[in-house]
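Listed below, chain by chain, are the residues.
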Amino acid sequence: MARAPARLHAAGDLLAAARDRFLAAEPVDPRAVREPILASWRRSQLSKVAADKLDPSFLRAPDLEGMLARSAAPVLRHLFQQLEGQPISIVLTDATGMILLRLTGDQALERQLDRIKLVPGFSYAEDLVGTNGIGTALESGGPAHVFGHEHYAERLEGMACAGVPVRDALSGKTVGVIDLTCWRRDADPLMLSLVQATADQVNQALAAETSNRDMRLLQEYNRACRHTGGIVLALGNDVVMLNDYARRSLGPGDQAALITQATEALGRRQPGAVTVDLPSGTVARMFCHRVAHLGPDDGVSDGVVHVKLVAGTRAFEADDGSGAALVGGGSLNEVPRPRAPMSLPGLVGSGAAWRRACRRAEARYDTGEWLTIEGERGVGKLALVRAVHQRRNPAAPFHVLDAAGGGWESQLRTELLEGSGMLVIRHVDALNARQVRELGALLQEARAAGQPGRLRVAVTLDRTRANADLTALLRFFPGTVEVPPLRHHVEDVGELVPFFLAKLSQQGRLSCSPAALQLLLRHNWPGNTEQLWQVLRQVVQLRRAGPIMPKDLPPECWAVSRRVLSPLESIERDAIVAALLDHDGNKVGAARALGMSRATIYRRIHEYGIVTD
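Overview of the structure. Worth saying up front: this structure is predicted, and the values here are computed from it rather than measured.

One open sheet holds the 5 strands; their spatial order is S16-S17-S18-S15-S19, and the pairing between them is parallel. Of all strands in the sheet, those bounded by a partner on one side alone are strand S16 (398-402) and strand S19 (479-482). Along the sheet, successive strands turn relative to each other by an average axial angle of 20°, direction set aside.

What follows is the structure in structure tokens.
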């Protein structure tokens, strides 16, 4: 690479001074800093990135079998051969900024990249390390070059980098970044042109791979339709196919439920056969065949799914301990009658996934065994076990202890050794290893004292949040009930909303308009039923009578994002929603009010899943 001319050193001094003024919250001469860099500095500051230290996060070992890595690797290795001996590194990242592949031909540069953790598995997202060629390209959605003092983190000031996003051929969404990194002294303006040309080649290779992938999926789907009777569907990244029999046999709600369950099944290590309760009450048995196993960043694993409907009138369920329902009786091709909705005291919901959890909770309670209630935060684990106890044994005591709070140990020992009825220990996933051992010792003491005959014990947990290994502890609880997230029975929002409003509003003076309910039904509810309750509490504080309209709902309800947004993204989403409401949905007016370009607001609306119709 060519050496930077001397005049750039003077410009670098001005840039360093401007950066120091920015970090000191002093006015910055806009002529000293390029606007994209200044905007990135502001984002980095809002994300509370530390300028005086560098702390990239290790996410996971990169998957080099994913479609992006497979498509890009030959292109990048060819470029690496062309640049042999040059002090420059070629980097491939995924859509989160995590480095997948790094090719470096200079040992001194390679050691420096190791020191700053620009290595596979670590993320260089802008909200983690500040302004840089990778993270800033992802944030801006376009090419980004960052030289020397333009970096937000001091430890990167000796580096120069240029990054260009790589996009999915069908959806157009960003799937990664191609980045060139070198020493600042070796930087060359041609870096951006070179990385742009490389990204174009990767995009072409990705498009060819996508075309081949879709063709393989279509061939497998056609083969299944010819040779398999009944319902057939095929799923890929942005591709869903259903045969005519599926469209005739299933309503829209059942189709959506099958697609959701099939997507999850194909993403598992061994898809196999899965039993599904559909919203109509029909029981379906899915047989999943994966066509292509994709990496974690490639979206949906391609697959073909054959579905058989099971008769509901003579169906029975038995739990084999694996969490799968065994369904028998009747012909596999006979369409069953809908099951009657279950109802437990103080609960509502007739969605198939929710009813199934209710049935299992009652069945497990009736065995008298100690019980584990698993599920994400806010799904209603405590409410479910309380309702089952109230129906089955309303006169017996019901006690709750929260393991996430302090000072529960002595009270727990008293309850275990002297109590009766039902004891629920919440949030055992919050316990550390020492506390898990102490709880296990108390449970063992209670068992030795003969308490299981007089006292039922249940624990609630979110296994994904566990702070310690719970394997030994859960041996005390042979029965397990999984409570589904609200997104798996979102049809119950239509029953939950009036139920919650009746609790929150006086004399039933508040209702939900159909338009507002549609927004609530389209939301994915990452915080589950608890989030819905909190949203309605927020609404009731501002509207106390009449119908709730879409404009009464908080901005989070106007988005159907498929991922959890960062705090900064949530702020930006809320600002965009507010601007759209202020301008009656006019995107141009909203963009002007926010100081955004039209392209940016359209991209953000798509990324955040903001509902505009």
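Next comes the rest of the write-up.
As a further point, take the environment of glutamate 415. Structurally, the position occupied by glutamate 415 is in helix H12 (residues 409-418). Here glutamate 415 falls in the buried class, since its relative accessible area comes to 14%. In this structure the C-alpha to C-alpha distance between glutamate 415 and alanine 446, which are 31 residues apart in sequence, comes to 9.4 Å.

A few words now on the packing of aromatic side chains. Applying the stated rule across the entire model yields 5 aromatic pairs. Pairing phenylalanine 58 with phenylalanine 122 gives two aromatic rings, centres 5.2 Å apart and planes at 65°, and the pair type is edge-to-face. You can see phenylalanine 58 sitting in strand S1 (residues 57-58) and its partner phenylalanine 122 sitting in strand S4 (residues 122-123), a full 64 residues away along the chain. Given a relative accessible area of 48%, phenylalanine 58 falls into the partly exposed group. Residue classification places phenylalanine 122 among the buried positions, given a relative accessible area of 17%. Residues phenylalanine 499 and phenylalanine 500 carry aromatic rings whose centres are separated by 5.9 Å and whose planes lie at 45° to one another, so their mutual orientation is tilted. We classify phenylalanine 499 as partly exposed; its relative accessible area is 23%.

Attention now moves to the sheet that holds strand S6 (residues 159-167). Across the sheet, which stays open at both edges, the 5 strands sit in the order S3-S2-S7-S6-S5 with antiparallel pairing between neighbours. One side of each edge strand has no neighbouring strand; the edge strands of this open sheet are strand S3 (99-104) and strand S5 (144-147). Pairs of neighbouring strands in the sheet enclose a mean axial angle of 15°, with direction left out of account. In terms of strand pairing, S6 meets strand S7 (residues 174-183) through 9 bridges, oriented antiparallel. Across the sheet, residue glycine 163 finds its bridge partner in S7, namely aspartate 179.

Another point: helix H15 (residues 493-504). Here H15 is 12 residues long and its end C-alpha atoms lie 16 Å apart, about the 16 Å a rise of 1.5 Å per residue gives. Within the span of H15, buried status applies to Val493, Leu496, Val497, Phe500 and Leu501. Down the axis of H15, the sector holding all buried residues measures 125°, keeping them to one side. Opposite its buried face, H15 presents the exposed residues Ala502 and Lys503, each directed more than 90 degrees away. In the core, the buried residues of H15 are packed alongside strand S20 (510-512), helix H16 (514-522), helix H17 (528-542) and strand S21 (546-548).

Before going further, it helps to spend a moment on the environment of tyrosine 124. Inspection of the secondary structure puts tyrosine 124 in the loop between S4 and helix H5 (126-129). The class for tyrosine 124 is buried, based on a relative accessible area of 3%. For the pair formed by tyrosine 124 and aspartate 55, sequence separation is 69 residues and the distance between their alpha carbons is 9.3 Å. Within the structure, the side chain of tyrosine 124 is placed 2.7 Å from the backbone oxygen of isoleucine 116, a separation counted as a polar contact.

Parameters and conventions
Residues numbered from 1 in each chain as written. Predicted model: local features only at pLDDT ≥ 70, side-chain atom pairs only at ≥ 80, totals over all residues. Heavy atoms only, no water. Pairing = 2+ DSSP bridges. Helix = DSSP H or I, 4+ residues; strand = E, 2+ residues; numbered from the N terminus. Axes fitted to C-alpha atoms, helices over the stretch in contact; angles between N-to-C directions. Buried < 20%, exposed > 50% of the residue type's maximum accessible area, 1.4 Å probe, protein only. Phe/Tyr/Trp six-rings, centres within 6.5 Å; stacked < 30°, edge-to-face > 60°. Expected span 1.5 Å × (residues − 1). Arc of directions from axis to C-beta. Contact = heavy atoms within 4.5 Å. Polar contact = N/O pair within 3.5 Å; in protein donor to acceptor, adjacent residues only side chain to side chain.

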